[in-house]
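Chain by chain, the residues:
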Amino acid sequence: MDDNVKNSIRKIIEFIGTKLYEYFLELKNQSDSSLCQSMAELATNLAMNFNIFILEGSDHAKVLIKFLNECTSHKSKKVSYITFDFWSPFETQLLDQDILGKMQQAENDFIVNGYIELFKIVHEKIKLKSLKLTNSKDSNQFKVVNFDAEDDENFEEDDDVIDPNRQEMTLREYRKASEDIFVSCVKVIKGLKGEDALRSFFESFVPSITEEYIA
């Protein structure tokens, strides 16, 4: 990629990570979420298409990660869900063997902290008291099981968050979509910081860890 193009992209990231981020924070608590949705889409698309620049670890890239966390924490589940298109694919890129070694040696706290914050935000939004994470040794894949979901299935959703015209996601839909996000968070923390860091995170935050995972 031409250096001039790279510099142009960095300037766009700088604008998104500063001016647009500040504007998003001003509008975040307004009842009309349409502008926030548009900004979340813009930030997510930028991060998706130019995620290689996030790996550079510039100050503006770090702010962009914080911006995406703010988008995920928006009271509208639909706005929050938009960012999922970035988080899981970026996890796959981070853990690619050609990149993983470099990222383990580089300054990666802003990325790991972004996924830790993501885990906390989504956990809060799905409104469940507990989670169970199991690790299948055969497939080496994590699976998130919301084992108290049946008890919460009739949860009365907040009317000022759920659009009566069905332009909003249901809580059930958001919970289902969140499973891949929890998996991505687990993989990034473990991949970039190691098993001990992942265990420490679970001990300090996750309300229930199963024997299947710890084993």
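Residues numbered from 1 in each chain as written. Predicted model: local features only at pLDDT ≥ 70, side-chain atom pairs only at ≥ 80, totals over all residues. Heavy atoms only, no water.

**Re the overall build of the chain**
Stage number 1. If you tally the helices and strands in the chain, you get twelve helices and two strands.
Stage number 2. Secondary structure of the chain in N-to-C order comes out as α-α-α-α-α-α-α-α-β-β-α-α-α-α.
Stage number 3. Taken over 215 residues, the chain has a buried fraction of 46%.
Stage number 4. Carbon together with sulfur atoms contributes 46% to the accessible area of the chain, which is approximately 11700 Å² in total. (Helix = DSSP H or I, 4+ residues; strand = E, 2+ residues; numbered from the N terminus. Buried < 20%, exposed > 50% of the residue type's maximum accessible area, 1.4 Å probe, protein only. Areas by Shrake-Rupley, 256 points an atom, 1.4 Å probe, with all protein chains shown as cover.)

**Quick word on the pattern of salt bridges**
Stage number 1. In this structure the tally under the stated criterion is seven salt bridges.
Stage number 2. Its salt-bridge partner being Arg 199, residue Glu 195 comes within 3.7 Å of it at the nearest N-O pair. Linking Glu 195 with Arg 199, this pair stays in helix H11 (residues 195-204), spanning four residues, or about one helical turn.
Stage number 3. A relative accessible area of 29% means that Glu 195 is categorised as partly exposed. (Salt bridge = Lys/Arg side-chain N within 4 Å of Asp/Glu carboxyl O.)

**A look at the environment of Lys 193**
Stage number 1. By the element assignment, Lys 193 lies in helix H10 (residues 171-193).
Stage number 2. Note on Lys 193: relative accessible area 38%, which makes it partly exposed.
Stage number 3. For the pair Lys 193 and Met 103, spaced 90 residues apart in sequence, the C-alpha separation works out to 9.9 Å.
Stage number 4. The residues touching Lys 193, leaving out its near neighbours within four places in the chain, are Asn 108, Asp 109, Val 112 and Val 188.
Stage number 5. A distance of 2.9 Å separates the side chain of Lys 193 from the side chain of Asn 108, its partner in a polar contact.
Stage number 6. Within the structure, Lys 193 has its side chain in polar contact with the side chain of Asp 109 (distance 2.6 Å). (Contact = heavy atoms within 4.5 Å. Polar contact = N/O pair within 3.5 Å; in protein donor to acceptor, adjacent residues only side chain to side chain.)

**Looking at the nonpolar core**
Stage number 1. In terms of nonpolar packing, the biggest core is built from 52 residues, with Leu 64, Phe 67, Ile 111 and Tyr 115 touching the most fellow members.
Stage number 2. It is helix H8 (residues 109-126) that contributes the most residues to this core, nine residues altogether.
Stage number 3. Setting aside residues no more than four positions away along its own chain, Tyr 115 makes contact with Trp 87, Phe 90, Glu 91, Leu 94, Ser 184, Cys 185 and Val 188. (Core = buried A, V, L, I, M, F, W, Y, C linked by side-chain atoms within 4.5 Å.)

**Section: the environment of Ala 40**
Stage number 1. Examined against the element boundaries, Ala 40 turns out to sit in helix H2 (residues 34-49).
Stage number 2. Taking relative accessible area as the criterion, Ala 40 reaches 0% and is therefore assigned buried.
Stage number 3. Ala 40 sits 34 residues away from His 74 along the chain, and the two C-alpha atoms are 9.6 Å apart.
Stage number 4. Setting aside anything within four residues of it in sequence, one finds Ala 40 in contact with Cys 71, Val 79 and Ile 82.

**Concerning the packing of aromatic side chains**
Stage number 1. Applying the stated criterion across every chain, the model contains eleven aromatic pairs.
Stage number 2. With a centroid separation of 5.5 Å and an interplanar angle of 65°, the aromatic rings of Tyr 81 and Phe 84 are classed as edge-to-face.
Stage number 3. You can call Tyr 81 partly exposed: its relative accessible area is 36%.
Stage number 4. Site record: aromatic cluster; members linked through ring pairs are Phe 86, Trp 87, Phe 90 and Tyr 115.
Stage number 5. The ring of Tyr 174 has Lys 125 sitting right over it, with the charged end atom 5.7 Å from the ring centre. (Phe/Tyr/Trp six-rings, centres within 6.5 Å; stacked < 30°, edge-to-face > 60°. Lys NZ or Arg CZ within 6 Å of the ring centre and 35° of its normal.)

**Brief notes about the packing of H8 against H10**
Stage number 1. Remark: H8 packs on H10, axes separated minimally by 9 Å, with the N-to-C direction vectors making an angle of 155°. Comparing the axis directions of H8 and H10 gives the class roughly antiparallel. In the packing of H8 onto H10, the handedness of the crossing is left-handed.
Stage number 2. The residue makeup of the contact of H8 with H10, split by class, is 17 nonpolar, three polar and four charged. (Axes fitted to C-alpha atoms, helices over the stretch in contact; angles between N-to-C directions. Parallel < 35°, antiparallel > 145°, perpendicular 65-115°, else oblique. Left-handed = near helix turned anticlockwise from the far one by under 90°. Nonpolar A, V, L, I, M, F, W, Y, C, P; charged D, E, K, R; others polar.)

**Focus on the confidence of the model for the chain**
Close inspection of predicted coordinates is inappropriate for parts of the model with low pLDDT.
Stage number 1. On average, residues of the chain score 79 in pLDDT, and 76% of them are at 70 or above.
Stage number 2. Across residues 147-164, confidence stays below pLDDT 50; counting only partners more than four residues off in sequence or on other chains, it has 30 contacts.
Stage number 3. The low-confidence segment residues 209-215 (pLDDT under 50) makes 17 contacts with residues lying over four places distant or belonging to another chain. (pLDDT = per-residue confidence, 0-100.)

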